[in-house]
Amino acid sequence: MVDFGAQYAQLIARRVREAGVYSEIVSHEISASELASRQPKGLILSGGPKSVYAEFAPQLDPDVYGLGVPTLGICYGAQLLAHELGGSVKQTGRGEYGRTVLQICRATQSSATSSDAWGLLTNLPDTQDVWMSHFDAIATAPDGCNVTAVTADSPVAAFEDASRGIYGVQFHPEVAHTTHGQAIIERFVRGVCGTEGTWTPASIAEESVAAIAAQVGDGRAICGLSGGVDSSVAATLAHRALGERLTCVFVDTGLLRKGEAEQVIETFGRNMGAELVHVDASGKFFERLRGVSDPERKRSIIGELFIRTFEEAASEVGDAEFLVQGTLYPDVIESGTGHAAKIKSHHNVGGLPEDLEFELVEPLVRLFKDEVRQVGRSLGLPDEIVQRQPFPGPGLAVRVIGEVTPEAVALLQEADAIVREEIARADADVWQYFAVLPDVHTVGVMGDERTYAHLIVIRAVTSEDAMTADWARLPPEVLATMSSRIINEVPQVNRVAYDITSKPPGTIEWE
Ligand code: XMP
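None of the values given here were measured: they were computed from a predicted structure.

(A) Structural context of the domain arrangement of the protein chain. Looking at the assigned domains, one finds that the protein chain contains domain 1 (2-192), domain 2 (201-386) and domain 3 (399-498). Using only C-alpha atoms to locate each centre, domain 2 and domain 3 end up separated by 29 Å. The interface of domain 2 with domain 3 comprises 12 residues on the first partner and 13 residues on the second. Buried surface at the junction of domain 2 and domain 3, both sides included, amounts to about 990 Å², of which 56% is carbon and sulfur. Of all residues in domain 2, Arg 257, Lys 258 and Phe 286 give up the largest surface area on contact with domain 3, accounting jointly for 52% of the area buried on that side. The salt bridge partner of Lys 258 is Glu 414, with a shortest N-O separation of 3.2 Å. Per-class residue counts for the side of domain 2 that touches domain 3 are five nonpolar, three polar and four charged.

(B) Fine view of the state of the cysteines. This structure, assessed with the given rule, holds zero disulfides. Note on Cys 193: no disulfide assigned, nearest cysteine sulfur contributed by Cys 145 at a separation of 15 Å. No disulfide involves Cys 248; its nearest neighbouring cysteine sulfur is the one of Cys 223, lying 4.6 Å away.

(C) Just the site of the ligand, in detail. Inspection of the region around the ligand gives Arg 299, Pro 390, Pro 392, Gly 393, Pro 394, Gln 432, Ala 466, Lys 503, Thr 507, Ile 508 and Glu 509 as its neighbouring residues. At a separation of 2.8 Å, an oxygen atom of the ligand approaches a polar side-chain atom of Arg 299. Contact between the ligand and Ile 508: an oxygen atom at 2.7 Å from a main-chain N or O atom of the residue. Contact with the protein chains covers 69% of the free accessible surface of the ligand, which is 500 Å². When the residues that make up the shell around the ligand are grouped by side-chain class, the tally is five nonpolar, three polar and three charged.

Rules behind the numbers
In this convention, every chain numbers its residues from 1, walking through the sequence in written order. A pLDDT threshold of at least 70 governs which residues receive local features in this predicted model, and a stricter bar of 80 or more applies before side-chain atom pairs are shown or counted, although totals over entire chains, interfaces and linings include all residues. Side-chain descriptors were evaluated using all non-hydrogen atoms of the structure, hydrogens and water having been removed beforehand. Each domain's limits were defined by an automated method or a database of domain assignments. Pairs of residues are marked as contacts when any of their non-hydrogen atoms sit within 4.5 Å. Accessible surface is computed with a 1.4 Å probe, and the buried area is the amount of it that two parts give up when combined, taken over both parts together. One side-chain nitrogen of Lys or Arg within 4 Å of one carboxyl oxygen of Asp or Glu is enough to make a salt bridge. All residues other than Ala, Val, Leu, Ile, Met, Phe, Trp, Tyr, Cys, Pro, Asp, Glu, Lys and Arg, Gly among them, are scored as polar; the first ten of these are nonpolar and the last four charged. Two cysteine sulfurs form what is called a disulfide whenever their separation falls within 2.5 Å. What makes a residue near a molecule or strand is one non-hydrogen atom of that residue sitting within 4 Å of it. Contacts described as polar in this section are N or O atom pairs within 3.5 Å, which, within protein, must combine one atom able to donate a hydrogen with one able to accept it, while residues neighboring in sequence count only if both atoms come from side chains. Here the accessible surface of atoms and residues is derived via Shrake-Rupley with a 1.4 Å probe, and residues count as covered only by protein chains that are part of the display.

The following block contains the structure:
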């Protein structure tokens, strides 16, 4: 997948993988020789925000077109193929945005019977909904290509020359609103490119285990375990590969949710069977956080202390030379959006720095989050691990607003446990949900007595990826139960509020 700055770059790569085919995202600045050295079975040129005529419009090394690799251009990618290969692109003065009816041109479809001439749209209905998002339009298809579909405003909504393996679609097959989008992607990556579709969770797990075994040889490894899905799946793969030569380290900061430390240890013991070193460092964390209320200082104190604690525990493990980390593919993608080849810094397992003296083992580095979940399931990990909601590294310290004391954390843990229980009971479809303890007292009346006690705020959001989020429309009766339970069961709380802020302008966490 060659990225021209597409909004949907990762989505295209994931759709290809859903078709059982491994895909990588590369920058459009990649050279033809570098591309050829990766031996791609097919290329997808993504969409992008520019016009092909614009100054600095992203281009492809012209030699790529001569590699003879089947190529599918999507939106900008299709316009670029038209522009570069003898067709034309025009500004029509009006774009097409959103749902659009695509009309297949039956007479110009390639035959699907000959193995070297796969028509992309051959088996689709004559008309169907597709998702459009473009301003310029392709006026004439590249030399030698047939127009295979049109819309009311696009005289060339799709084109192909199956004999040369050149395909272009103006619409976005990767989005769910394009009714037959996944079928089109599958037809390209499986039919046109002739792949076998063996990229499955079970095969990924098997390959990862073999790769870890090859990398570590007869050495020893350690793995920082947080209880979250990434570190749990990475640890499970490493354990399969290394057995007793893996030691997991779980640092309890004292800032976890109610019962979480016990639960992580218990779940780990029941499901993983690897050796686990449990370090209770809560005393140290509370000591260092005394008197600190600035959120960024809290984060840096916690980050640093976490690393020191981990290092100490690791040194006691002895002669481990390898560190297993749950780094994911989105952390290392070389994006094509102007900063080609800039690889984002790794920031995983509580922000462990790379100057720890270990060689890194990163079994999840080719995977997206949803694939990690699938691999976890194929390894037999239970939903309580695989479906866990995200939890910030600094833990409840960023949900106790102001100074973090053991008493404040204990109070918040009780309120948070009620929020989690009630939302689980209601089976609400929520991305993340928790309680916040602001640094606020309010006046109330309980049993004829004036009270002056804490406020608890409930936060529950829906989201796809935590980049944007909306407050969850929880049923009023669920909110009512949470409110009365928190006030009745948690001492020193006399008021409960529900946060109705989306992201943006808010963030999911309060700090
Ligand atoms: P925000 O609050 O930025 O959160 O909307 C987005 C997602 O990231 C999580 N989060 C963190 N995770 N360390 C982490 O490991 C942090 O410092 C941190 N801050 C926020 C948050 O829970 C949400 O899922």
